[in-house]
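# Results of the structural survey
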Amino acid sequence: PWGYDGDNGPDQWHKNYPTAKGRHQSPIEINNKEVHYDRSLLPWFASYDPGAAKTILNNGKTCRVVFDDSFDRSVLRGGPLQGVYRLRQLHFHWGSSDDHGSEHVVNGVRYAGELHLLHWNPKYSNYLDAVRRTDGIAVLAIFLQVGKTPKPEMKRILEEINAIKTKGKEAPFPNFDPSILFPKSHDYWTYHGSFTTPPCEECITWIVLREPIIVSSDQMAKLRSLSKNAENEPDLPLVDNWRPTQPRYFRMVSASFL
Ligand SMILES: NS(=O)(=O)c1ccc(NC(=O)NCCCCO)cc1
Ligand SMILES: [Zn+2]
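Notes on the structure in this doc start here. Everything numeric in this text was worked out from a predicted model, so none of it was measured. (Residues numbered from 1 in each chain as written. Chains lettered and ligands numbered in written order. Predicted model: local features only at pLDDT ≥ 70, side-chain atom pairs only at ≥ 80, totals over all residues. Heavy atoms only, no water.)

### Here's the deal with the overall build of the protein chain
- Looking only at helices and strands, the protein chain has four helices and 15 strands in total.
- Since a compact globule built from 258 residues should have a radius of gyration of about 18 Å, the 17 Å found for the protein chain is in line with a globular shape.
- For the protein chain, with 258 residues in total, the buried portion stands at 51%.
- Working note: accessible area of the protein chain is about 11700 Å², and carbon and sulfur atoms make up 51% of it.
- Each charge class in the protein chain was averaged separately, 31 positive and 30 negative side chains, and the resulting centres sit 3 Å apart. (Helix = DSSP H or I, 4+ residues; strand = E, 2+ residues; numbered from the N terminus. Rg over C-alpha atoms; globule rule 2.2 N^0.38 Å. Buried < 20%, exposed > 50% of the residue type's maximum accessible area, 1.4 Å probe, protein only. Areas by Shrake-Rupley, 256 points an atom, 1.4 Å probe, with all protein chains shown as cover. Lys, Arg positive; Asp, Glu negative; His and termini not counted. Charge placed at Lys NZ, Arg CZ, Asp CG, Glu CD.)

### Focus on the coordination of the zinc ion (ligand 2)
- Every protein donor of the zinc ion (ligand 2) is listed here as H91 (NE2), H93 (NE2) and H116 (ND1), and their distances to the metal cover 2.0 Å.
- One way to put it: the four donor atoms around the zinc ion (ligand 2) meet at angles of 100 to 115 degrees, and that makes the site tetrahedral.
- Judged by relative accessible area, H93 falls into the buried class, the value being 3%. (Donors = N, O, S within 2.8 Å, 3.2 Å for Na, K, Ca; no water. Tetrahedral: all angles 85-135°; square planar, octahedral: opposite > 155°, others 65-115°.)

### A word on the pairing of strand β5 (residues 63-67)
- Side chains of β5 alternate between two faces, with C63, V65 and F67 buried and R64 and V66 left unburied.
- Looking at chain direction, strand β4 (residues 53-58) and β5 are connected through five bridges and run antiparallel. Its bridge partner being in β5, T55 is matched across the sheet by V66.
- What sits between the antiparallel neighbours β4 and β5 is a turn of four residues, in which G60 has the positive phi angle 85 degrees. (Pairing = 2+ DSSP bridges.)

### Focus: the pattern of salt bridges
- Under the counting rule described, the total for this entry stands at 14 salt bridges.
- We note a salt bridge from D5 to K228, for which the minimum N-O separation is 3.2 Å. Residue D5 is found in the segment before α1 (13-16), and its partner K228 is found in the loop between α4 (217-224) and β15 (253-255); the two are separated by 223 residues along the sequence.
- Here K169 makes a salt bridge to E231, at a shortest N to O gap of 3.8 Å. Placement of the pair is K169 in the loop between α3 (154-160) and β11 (170-172) and E231 in the loop between α4 and β15, with a sequence separation of 62 residues.
- On the accessibility criterion, K169 (31% relative accessible area) is partly exposed.
- A relative accessible area of 59% means that E231 is categorised as exposed.
- Here the salt bridges share partners, and the residues they tie into one network are D49, D68 and R73. (Salt bridge = Lys/Arg side-chain N within 4 Å of Asp/Glu carboxyl O.)

### Thoughts on unusual backbone geometry
- Cis geometry is found at the peptide bond from S26 to P27, where omega equals 0 degrees.
- At the junction of P198 and P199, the peptide bond is cis and its omega measures out at 5 degrees in the coordinates.
- Turning to its location among the elements, P199 is positioned in the loop between β12 (188-193) and β13 (204-209).
- Unusually for a residue other than glycine, N107 sits at a positive phi of about 50 degrees.
- With respect to the secondary-structure elements, N107 resides in the loop between β8 (105-106) and β9 (113-120).
- Not every positive phi belongs to a glycine, and C200 is a case in point at roughly 60 degrees.
- Mapped onto the elements, C200 comes out in the loop between β12 and β13.

### Remarks on the environment of R110
- Structurally, R110 is set in the loop between β8 and β9.
- Look at R110 and you get partly exposed, because its relative accessible area is 31%.
- Note: C-alpha distance between R110 and E231 (121 residues apart in sequence) is 32 Å.
- Residue contacts for R110: discarding those within four places in its chain leaves D99, H100, S102, V105 and W242. (Contact = heavy atoms within 4.5 Å.)

Pasting the structure below:
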């Protein structure tokens, strides 16, 4: 199956997932020179119910928190979006050291990691139907920057890491409102793109926050202590689960800020 290593890595994905060579792939480089300020862009709002949080799991590719998305319980609205989008899961991408790991790159800057909060459009009957639509999915992306004064709210997720060390491990993760992880500023860039992993469907309205959240080097090391193998297999560190930037082609990246 696909992965991030040489033989099954991002350059090979298109062999089994032809969409990976599409014209609307993610992630991309976001460069100030090519961004268009769009003063008609509205602010975005998240209204999340902490009770919607269910479990945290290691699927061998990332660390994912799953939410109850059986009704409009935790939603994202505004920004470039029409209507509300339901929060389904959040997960992370990170590197093997603090100097890289994010998927999107801003003016040549790679961050240590990137948090993705994935939402789907309930005008479609279910998630799998939404991933087949260009306006089916909205991902809020937040950069993780290593610094001295880490965000205490990250602790809750990282404390659970010990319970999901290996692939397939899952633990209850109740009472969690991910909006506590948001940075102060809601400034964002937005563009149309894809899943950053196979099948790489081009169904995502990306909302990439300009302001990173600060995490500690120890917190990044905690993420890197996850293994991509199952419990009874040789230990393989789960690191560098990020896709390199893809060609922007004829897409416009809009900014909500000057
Ligand atoms: N990194 S990302 O673009 O936010 C992302 C989110 C979900 C997924 N995969 C996912 O939801 N799989 C479930 C069914 C996919 C439909 O083919 C892949 C990448
Ligand atoms: Zn992601």
